[in-house]
Amino acid sequence: MNKKIISVGIAFCLFLVEPCYADENTPILTQIQNTVNTILIDVNNIPALINDIIIMAKSWNQTTDQHSNIATNQPNFSNLATDYNAIGTNQTALSTKLTAQIFATCAPTNQTDLNFNTFLSQQQPAQQGQAPTPPTSNYLSYASGASLVYTQGSPQWNPSSFGKQYTSLYNTVTAVASYNAYILGSLNNQQDQDTQRTSLITQATGTQWFSDIGSEYLGLVLRQLLMYTSQIYVQLTTMIKIQQQQLAAQAMTNTLLLINANYGVGNTLTLQAKNAPPSPAGAVAACPT
């Protein structure tokens, strides 16, 4: 076997060696000897190189965790998933308790329409042979501001500055309420998404999962890794979209703050400025409006 390896190695090295040419300053035999020595050095390194390749190939087929890292980290991942699920459960329970305190003083007749937990609880997945129960749309209407009633400006109104200001106010508030309705509309599928995420987290942190990836060939584990990597890309793309929506919502919040400053404090200061006594002699005149 070793003779065959050496023969193949010599043939391969001879193929790679550039042809020798006579040098008028160096004897041809010396050049040949140097070339042969270089080839023999490379041939002697072939067994070590082949051994390294064999070790690498065996590591890809290794089905046991020699350092027990998987067994050590699995409980931590599992406990993290348990805590993640517990946070959602505890959040719902605490929210229900606090909402009950809100309704304790004066319980309205439409508590269902005002309770976010009740809104989520109505979004149950459809049973076999049954249609899904539609969630109440009243909650989304109240939360988005779509239920706020504003009188639309009429063309018959006196075309004064107050009429123009009110029309601008109506247009801005309506546009913001419309965007709120669009964003909050995604809550309709929130329950189904939470169920799917919880299922994937449970599967990816379970004992059986870590047992599988700790005993399977690395090729199969790499395929599973690619599957999760593709889903990470999907989730990152979703997060980018959510961040863009948050930025738009923040810009609209700034718009509402500007409305409050303009029509609230701004009008008050304008009236005070118009009714203020004239400046005393020698005072610096203000810029004309």
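Residues numbered from 1 in each chain as written. Predicted model: local features only at pLDDT ≥ 70, side-chain atom pairs only at ≥ 80, totals over all residues. Heavy atoms only, no water.

Chemist: Help me understand the overall build of the protein, please; the structure alone is not making it clear to me.
Modeler: Of regular secondary structure, the protein possesses 10 helices and 0 strands. What you see in the protein, going N to C, is helices and strands ordered as α-α-α-α-α-α-α-α-α-α. Relative to all contacts within the protein whose residues are 6 or more apart in sequence, the contacts with residues 24 or more apart total 64%. Carbon and sulfur atoms make up 62% of the accessible area of the protein, which totals about 22,300 Å². (Helix = DSSP H or I, 4+ residues; strand = E, 2+ residues; numbered from the N terminus. Contact = heavy atoms within 4.5 Å. Areas by Shrake-Rupley, 256 points an atom, 1.4 Å probe, with all protein chains shown as cover.)

Chemist: Got a minute to help me understand the environment of Leu 218 in this structure?
Modeler: When you line up the elements, Leu 218 lands in helix α10 (residues 218-275). The exposure class of Leu 218 is partly exposed, given its relative accessible area of 30%. For the pair Leu 218 and Trp 60, spaced 158 residues apart in the sequence, the C-alpha separation amounts to 5.4 Å. (Buried < 20%, exposed > 50% of the residue type's maximum accessible area, 1.4 Å probe, protein only.)

Chemist: Before we go on, may I ask you to explain the nonpolar core in this structure?
Modeler: Proteins that are soluble and globular tend to have nonpolar side chains buried together. Formed by Phe 119, Leu 120, Tyr 139, Leu 140 and Leu 187, the largest nonpolar core amounts to 5 residues. Secondary structure elements with two or more residues in this core: α5 (116-121) and α6 (138-144). Apart from the residues within four sequence positions on either side, Tyr 139 is in contact with Asp 113, Leu 114, Asn 115, Phe 116 and Phe 119. (Core = buried A, V, L, I, M, F, W, Y, C linked by side-chain atoms within 4.5 Å.)

Chemist: Any chance you could explain the packing of aromatic side chains here in plain terms?
Modeler: All chains considered together, the criterion is met by 4 aromatic pairs. Taken together, a centroid distance of 5.6 Å and an interplanar angle of 45 degrees make the contact between Phe 116 and Tyr 139 tilted. Of the two residues, Phe 116 sits in helix α5 while Tyr 139 sits in helix α6, which places them 23 residues apart along the sequence. With a relative accessible area of 30%, Phe 116 lands in the partly exposed category. (Phe/Tyr/Trp six-rings, centres within 6.5 Å; stacked < 30°, edge-to-face > 60°.)

Chemist: Please explain the side chain of Asn 115 as it appears in this structure.
Modeler: Checked against the element boundaries, Asn 115 lands in the loop between α4 (111-114) and α5. Residue classification places Asn 115 among the buried positions, given a relative accessible area of 12%. A polar contact is formed between the side chain of Asn 115 and the backbone nitrogen of Asn 117, at a distance of 3.0 Å. Excluding residues within four positions of it along the chain, Asn 115 makes contact with Thr 99, Phe 103 and Tyr 139. (Polar contact = N/O pair within 3.5 Å; in protein donor to acceptor, adjacent residues only side chain to side chain.)

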